[in-house]
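Single-letter residue listing:
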Amino acid sequence: MRCHRHPTYRGTVSPSDNDLPRTEDEWRVRLSPEEFRVLREAGTEAPWTGEYVDTKTPGVYHCRACGLELFRSQDKFDSHCGWPSFDDAIPGAVKEIPDNTLGMRRVEIRCARCDSHLGHVFEGEGFTPKDTRHCVNSISVRLEPSAD
């Protein structure tokens, strides 16, 4: 059950860093169990199940935990991998961390503000001219559609 005083970020104004939970127990209160599993425990949602896999709506994707702007819809593309894919992130919004779990070398991507897990970034696949694929869990982000 979510605490009504600290709901998951849903608005257009991002909370300040001072309003962010400081402990994992505080995050557990703010996030649903599935959001917590993915965002705070680096889980992964099942492929083809996320709400933004096929979304074409213009707008900006924000971190579901803290509201930071992460990706723009014009950078989203169909990679046919089962998760939303972006060939670029908003500068400074995403940090990259080496991830050697599961017996492979990958690069994890996390929100630069709240350190929540977003997914992984891959290079050299040739999907777009930028040759980068930010593979993101839908549950890690929330789309704010453009006004126009």
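Our structure is the block above this text.
Residues numbered from 1 in each chain as written. Predicted model: local features only at pLDDT ≥ 70, side-chain atom pairs only at ≥ 80, totals over all residues. Heavy atoms only, no water.

Visitor: Help me out: how do you make sense of the nonpolar core in this one?
Guide: Among soluble globular proteins, nonpolar side chains are generally buried collectively. Ranked by size, the top nonpolar core spans 27 residues in total, and within it Cys63, Leu70, Phe71, Val94 and Cys114 carry the most contacts. Taken together, the elements giving at least two residues each to this core come down to helix 2 (33-39), strand 1 (59-63), strand 2 (69-72), strand 6 (106-111), strand 7 (117-123) and strand 9 (141-145). The dominant element in this core, judged by the number of residues it contributes, is strand 1, at three residues. Aside from chain neighbours lying at most four places away, what touches Val94 is Leu70, Phe71, Ala89, Ile109, Arg110, Ala112 and Leu118. (Core = buried A, V, L, I, M, F, W, Y, C linked by side-chain atoms within 4.5 Å. Buried < 20%, exposed > 50% of the residue type's maximum accessible area, 1.4 Å probe, protein only. Helix = DSSP H or I, 4+ residues; strand = E, 2+ residues; numbered from the N terminus. Contact = heavy atoms within 4.5 Å.)

Visitor: Just checking my understanding: could you explain the pattern of salt bridges for this structure?
Guide: A side chain of one charge can pair with a side chain of the opposite charge if their charged atoms are brought near each other. Using the criterion set out here, one finds 13 salt bridges in the structure. Ionic pairing is found between Arg40 and Glu24, a salt bridge with its closest N-O pair at 2.8 Å. Of this pair, Arg40 sits in the loop between helix 2 and strand 1 while Glu24 sits in helix 1 (residues 24-30); the two residues are 16 residues apart in sequence, bridging distant segments of the chain. The exposure class of Arg40 is buried, given its relative accessible area of 16%. (Salt bridge = Lys/Arg side-chain N within 4 Å of Asp/Glu carboxyl O.)

Visitor: It is not clear to me how the pairing of strand 2 should be interpreted in this structure. Could you clarify?
Guide: Within a regular strand, side chains alternate between the sheet's two faces. In terms of strand pairing, strand 1 meets strand 2 through three bridges, oriented antiparallel. Bridge pairing in strand 2 links Val60 to Arg72. Following strand 1, the chain reverses through five residues before pairing antiparallel with strand 2; Gly67 in that reversal takes a positive phi of roughly 90 degrees. (Pairing = 2+ DSSP bridges.)

Visitor: Whenever I open this one, the side chain of Thr128 confuses me. Can you help?
Guide: With respect to the helices, strands and loops of the structure, Thr128 is situated in the loop between strand 7 and strand 8 (132-136). Here Thr128 falls in the buried class, since its relative accessible area comes to 15%. Not counting residues within four places of it along the chain, the set of residues in contact with Thr128 comprises Phe77 and Asp87.

Visitor: Looking at this structure, how should I read the sheet that holds strand 4 (residues 85-86)?
Guide: Across a sheet, strands are paired by hydrogen bonds formed along the backbone, either parallel or antiparallel in direction. In space, the six strands of this open sheet follow the order 3-4-8-7-6-5, with antiparallel pairing throughout. With partners counted over all chains shown, the strands left at the sheet margins are strand 3 (76-77) and strand 5 (94-99), one partner each. Here strand 4 pairs with strand 8 via two bridges, running antiparallel. Residue Ser85 lies in a different strand from strand 8, and its bridge partner there is Cys135.

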